[in-house]
Amino acid sequence: MKHVVAINGSPRTGWNTGKLVREAARGAKEAGATVEVIDLYKLEPFQGCVSCFGCKLPKTFGRCVSKDGLTDVLEKIRQADGLILGSPNYLGNLTAGFRALYERLVFQSLTYNKERPNCNEHMVPVLLITTSNCEENNYEQRGYTAMLESYKQLLERFVGPTKIMIYGNTLQVEDYSKYNWTIFDPVQKKARHDEVFPLKLKEAYDLGAGLLV
């Protein structure tokens, strides 16, 4: 039976990104895969790549040698048949936790070798789910489209064929009255969430179900 690792790169495990990742995971499971869901921010402390180049040495070639909360996660990804990743957009990029995982996941396979630039011989399909407060039709203008395309290119080069799902103009909190956020219309935000989020959950489910097809 094929196995999928699903990783929620949001510190909020039960909000937009976390729910979409879990729905994609449910789709993969109901399509016949076994699935493990990992909440990145619940792991033991971890960090990004420290440029030690241990993954370039003959004895540990292609494997990150840092020992922390990501060590087991990277090994699980190496054994998986598919990978679901999720992260909200914070200040124009994906979360710091996601970036740490991304650096360690990709860099271990980069060889700096002309003849064999990628040493990863177990390429797997990837679904990257991203959420943002930004309207989806403003992604290109804000640079978000280019940012996500950059992630897609490196994931495809070093991990496997990658699809991206976006969900913009999200509902950030249940009760906007707690905050002095005058640029938002809370009624409009809630109405959009109630209308659009179920459709996005269905989209995530379908993408998860088709991940290994």
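Whatever comes next refers back to the structure up there.
Residues numbered from 1 in each chain as written. Predicted model: local features only at pLDDT ≥ 70, side-chain atom pairs only at ≥ 80, totals over all residues. Heavy atoms only, no water.

Undergrad: Mind laying out the overall build of the protein, listing which residues take part and the relevant values?
TA: Helix and strand counts for the protein come out as 6 helices and 6 strands. When the helices and strands of the protein are listed from N to C terminus, the series reads β-α-β-α-β-β-α-β-α-α-β-α. Relative to the 2.2 N^0.38 estimate, which gives 17 Å for 213 residues, the radius of gyration of the protein is 18 Å and therefore close to what a compact globule would have. With the C-alpha coordinates aligned to their principal axes, the bounding extent of the protein is approximately 60 × 35 × 30 Å. Relative to its full complement of 213 residues, the protein shows a buried share of 46%. (Helix = DSSP H or I, 4+ residues; strand = E, 2+ residues; numbered from the N terminus. Rg over C-alpha atoms; globule rule 2.2 N^0.38 Å. Buried < 20%, exposed > 50% of the residue type's maximum accessible area, 1.4 Å probe, protein only.)

Undergrad: I'd like a description of the pattern of salt bridges, backed by residues and values.
TA: Here the structure, examined in full by the defined rule, presents 15 salt bridges. Linking glutamate 36 and lysine 76 is a salt bridge whose minimum nitrogen-to-oxygen distance equals 2.8 Å. With glutamate 36 in strand S2 (residues 34–39) and lysine 76 in helix H2 (residues 71–79), the pair connects residues that are 40 residues apart, well separated along the chain. The exposure class assigned to lysine 76 is partly exposed, which follows from its relative accessible area of 33%. (Salt bridge = Lys/Arg side-chain N within 4 Å of Asp/Glu carboxyl O.)

Undergrad: Outline the nonpolar core, supporting the account with residue identities and numerical values.
TA: Across soluble globular proteins, nonpolar side chains have a tendency to be buried as a group. Within the largest apolar cluster, 31 residues are counted, with the highest numbers of intra-cluster contacts made by Ile7, Ile77, Leu83, Leu85 and Leu101. Setting aside residues up to four positions removed in sequence, leucine 85 forms contacts with Ile7, Val21, Phe98, Leu101, Val126, Leu127, Leu128, Ile129 and Leu155. In this structure, Val4, Ala6, Ile129 and Tyr167 belong to the second largest nonpolar core, which totals 17 residues. (Core = buried A, V, L, I, M, F, W, Y, C linked by side-chain atoms within 4.5 Å. Contact = heavy atoms within 4.5 Å.)

Undergrad: Give me the lowdown on the side chain of serine 87, citing residues and values where you can.
TA: Structurally, serine 87 can be placed in strand S3 (residues 82–90). Setting aside anything within four residues of it in sequence, one finds serine 87 in contact with Gly9, Thr17, Leu94, Thr95, Phe98, Ile129, Thr130 and Thr131.

Undergrad: Can you tell me about the environment of cysteine 119, naming the residues and giving the values?
TA: By secondary structure assignment, the location of cysteine 119 is in the loop between helix H3 (96–107) and strand S5 (126–131). Sequence separation between cysteine 119 and leucine 85 is 34 residues, and the spatial gap between their C-alpha atoms is 22 Å. Contacts of cysteine 119, omitting those with residues within four sequence positions, involve Phe61, Gly62, Gln108, Ser109 and Thr111.

Undergrad: Summarise the pairing of S3; cite the residues concerned and give the values.
TA: Where burial is concerned, most of S3 is hidden: 8 out of the 9 residues are buried. Sheet topology note: the strand S1 (residues 3–8)/S3 ladder contains 5 bridges and is parallel. Paired with isoleucine 7 across the strands is leucine 85, a residue of S3. As paired elements, S3 and S5 share 6 bridges and run parallel to each other. By the bridge assignment, isoleucine 84 is partnered in S5 with leucine 127. (Pairing = 2+ DSSP bridges.)

Undergrad: Just give me the short version of the side chain of histidine 193, but keep the residues and values in it.
TA: In this fold, histidine 193 is placed in helix H6 (residues 186–209). When residues no more than four places from it in sequence are discounted, the contact partners of histidine 193 are Asn16, Tyr167, Leu171 and Pro198.

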